[in-house]
Amino acid sequence: MSPLARILALPIKGYRLILSPWVGYHCRYHPTCSQYALEALETHGALRGGWLAAKRIARCNPWGQCGHDPVPDRDQR
């Protein structure tokens, strides 16, 4: 994982450690949005992984879909 991706992952890990237990585990997608963001950053790096995570969070709303939504493979650009 690149240094910038590690920096972007810190708030996500903080959310998972501190806020997620209080908010609850009611994500519409599998894997959860925070896990998706960490996997996207690890697989695709800071720019593309951050973009994929932002798109996923934007889709996570009451009018959005739900279900299995894995991080795309690195070669599926």
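Residues numbered from 1 in each chain as written. Predicted model: local features only at pLDDT ≥ 70, side-chain atom pairs only at ≥ 80, totals over all residues. Heavy atoms only, no water.

Student: In this structure, what is going on with the layout of surface pockets? I would like to understand it.
Tutor: Empty space within the largest pocket amounts to approximately 340 Å³. Lining the largest pocket we find 15 residues, and of these Tyr15, Ser20, Thr32, Cys33 and Ser34 sit closest to its centre. Looking at the lining of the largest pocket, the elements with two or more residues in it are helix H1 (3-23) and helix H2 (33-59). Residue composition of the lining of the largest pocket, by class: nine nonpolar, five polar and one charged. (1 Å grid on protein atoms, 1.4 Å probe; cavity = no way out; pocket = protein on both sides within 12 Å on 5 of 7 lines; lining within 4 Å. Points joined across faces, edges and corners; volume = space filled by probe spheres on them. Helix = DSSP H or I, 4+ residues; strand = E, 2+ residues; numbered from the N terminus. Nonpolar A, V, L, I, M, F, W, Y, C, P; charged D, E, K, R; others polar.)

Student: How should I be thinking about unusual backbone geometry in this particular structure?
Tutor: In this model, His30 is joined to Pro31 through a cis peptide bond whose omega is 0 degrees. If you trace the backbone, Pro31 turns up in the loop between strand E1 (29-30) and H2.

Student: Honestly, the nonpolar core in this entry has me stumped. Any pointers?
Tutor: Core analysis: the largest hydrophobic core is formed by eight residues, namely Ala5, Ala9, Ile12, Ala37, Leu38, Leu41, Ala46 and Ala53. Elements with a minimum of two residues in this core: H1 and H2. The element best represented in this core is H2, accounting for five residues. Apart from the residues lying within four places of it in its own chain, the contact partners of Ile12 are Ser34, Ala37, Leu38 and Leu41. (Core = buried A, V, L, I, M, F, W, Y, C linked by side-chain atoms within 4.5 Å. Buried < 20%, exposed > 50% of the residue type's maximum accessible area, 1.4 Å probe, protein only. Contact = heavy atoms within 4.5 Å.)

Student: Please clarify how the pattern of salt bridges should be interpreted in this entry.
Tutor: Opposite charge on two side chains makes pairing possible when the charged atoms of those side chains draw close. All chains considered together, the criterion is met by two salt bridges. Notably, a salt bridge pairs Asp69 with Arg56, separated by 3.6 Å at the nearest N-O pair. Of the two residues, Asp69 sits in the segment after strand E2 (67-68) while Arg56 sits in helix H2, which places them 13 residues apart along the sequence. We note that Asp69, like Arg56, is buried. (Salt bridge = Lys/Arg side-chain N within 4 Å of Asp/Glu carboxyl O.)

Student: What should I look at first to understand a nonpolar patch on the surface in this one?
Tutor: Nonpolar side chains collect at one region of the surface, where Tyr15, Leu17, Ile18, Leu19, Trp22 and Val23 lie side by side and expose about 730 Å² of accessible area between them. As for its placement among the helices and strands, Leu19 is situated in helix H1. For Leu19, a relative accessible area of 46% corresponds to the partly exposed category. (Patch = residues over 30% accessible without salt bridge, like charges linked within 9 Å, V, L, I, M, F, W, Y side chains within 5 Å. Areas by Shrake-Rupley, 256 points an atom, 1.4 Å probe, with all protein chains shown as cover.)

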